[in-house]
Structures are given as C-alpha cells and as structure tokens.
Amino acid sequence: MSSPWPGALLGALAGAVAGAAGAALFGPQIMRHARPAAKAALKAALIAAHEARVRGAEFVEAAEDLYAEAKAEVAAETAAQAAESGETSPAAP
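All of these numbers come straight from a predicted model, not from anything done at the bench.

1. Remarks on a negative patch on the surface
(1) Moving on: Together, E58, E61, E64, D65, E69, E73 and E77 make up a region of like negative charge exposed at the surface.
(2) Moving on: As for its placement among the helices and strands, E77 is situated in helix α1 (residues 5-85).

Quick look at the structure:
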C-alpha cells in the first residue's frame, strides 16, 4: 500500500512553481486590471459602511423617541393616579 502524499506533494510543488512563473510573467498586467477592481470594491465597502451608520443613527433616534414617549406617558399616568387619590406628586413644590 503506497501513500498518496508523495504525489500530492509533487502536484502542490508543481502548482506553486507554475503560479510563481505566471505571476512573474503576467504580474504587471494582472495588477493593472486588479487595481481598478480593488478600488471599486473599497468604494462599495465605504458606501455600505456609510449607509449602515446612517441606518444605525436612524434606529437609535427612533428608539430614543419611543423611550421618551413611553416615559412621558408613565409620568402622566402616575400624575393622574396621584391626582385621583389626592396625593401630591413628588415633582410638585
């Protein structure tokens, strides 16, 4: 029974040599075409990050508004209950 490692290792070595030779021969051409694609990807990521920040700020603002409304309603209900029972509210002088 023979081990598959020597063949796999030889194939990986041949692939590495072929990749290095291809990079040496075609590297400048690949870089000329890869730079605009990388730049476009970075621009898209920046736009997406900005949109995420805007959406996050809108969400936080909506949550703060909801909290303020609920807090005001609780305060109004507490004041109404205190008025019905004849008590003075702690906020009154």
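Still to come is the rest of the account.
2. Brief notes about a nonpolar patch on the surface
(1) Moving on: A surface patch of nonpolar side chains, about 310 Å² in accessible area, is lined by L10, L13 and V17.
(2) Moving on: One can find V17 in helix α1.
(3) Moving on: Here V17 falls in the exposed class, since its relative accessible area comes to 52%.

3. Examining the pattern of salt bridges
(1) Moving on: Throughout the structure, instances matching the rule amount to one salt bridge.
(2) Moving on: In this structure, E51 engages R55 in a salt bridge whose closest nitrogen and oxygen atoms are separated by 3.6 Å. You can see E51 and its partner R55 sitting in helix α1, four residues apart, about one turn around the helix.
(3) Moving on: What makes R55 exposed here is its relative accessible area of 54%.

Here is what the cut-offs are and how they apply
In every chain, residue numbers begin from 1 and rise along the written sequence. Reporting of local features is limited, given that this is a predicted model, to residues whose pLDDT is at least 70; pairs of side-chain atoms are given and counted only at 80 or more, and all residues count toward the totals for whole chains, interfaces and linings. Note that water and hydrogens are dropped before the side-chain values are worked out from all heavy atoms of the structure. Patches here: salt-bridge-free residues with over 30% relative accessible area, like charges joined within 9 Å, nonpolar side chains (Val, Leu, Ile, Met, Phe, Trp, Tyr) joined within 5 Å. Reported accessibility uses the Shrake-Rupley method at a 1.4 Å probe radius. Residues are deemed covered only where the shown protein chains occlude them. Here, a salt bridge means any Lys or Arg side-chain nitrogen found within 4 Å of an Asp or Glu carboxyl oxygen. Here the positive residues are Lys and Arg and the negative ones are Asp and Glu; neither His nor the chain ends is included. Where a charge sits is defined by one atom per residue type, namely NZ (Lys), CZ (Arg), CG (Asp) or CD (Glu). For helices the rule is a DSSP run of H or I covering at least 4 residues; for strands it is a run of E covering at least 2, with both sets numbered from the N terminus onward. Think of it in three bands: with a 1.4 Å probe and only protein chains considered, a residue is buried below 20% of the maximum accessible area for its type, exposed above 50%, and partly exposed in between.

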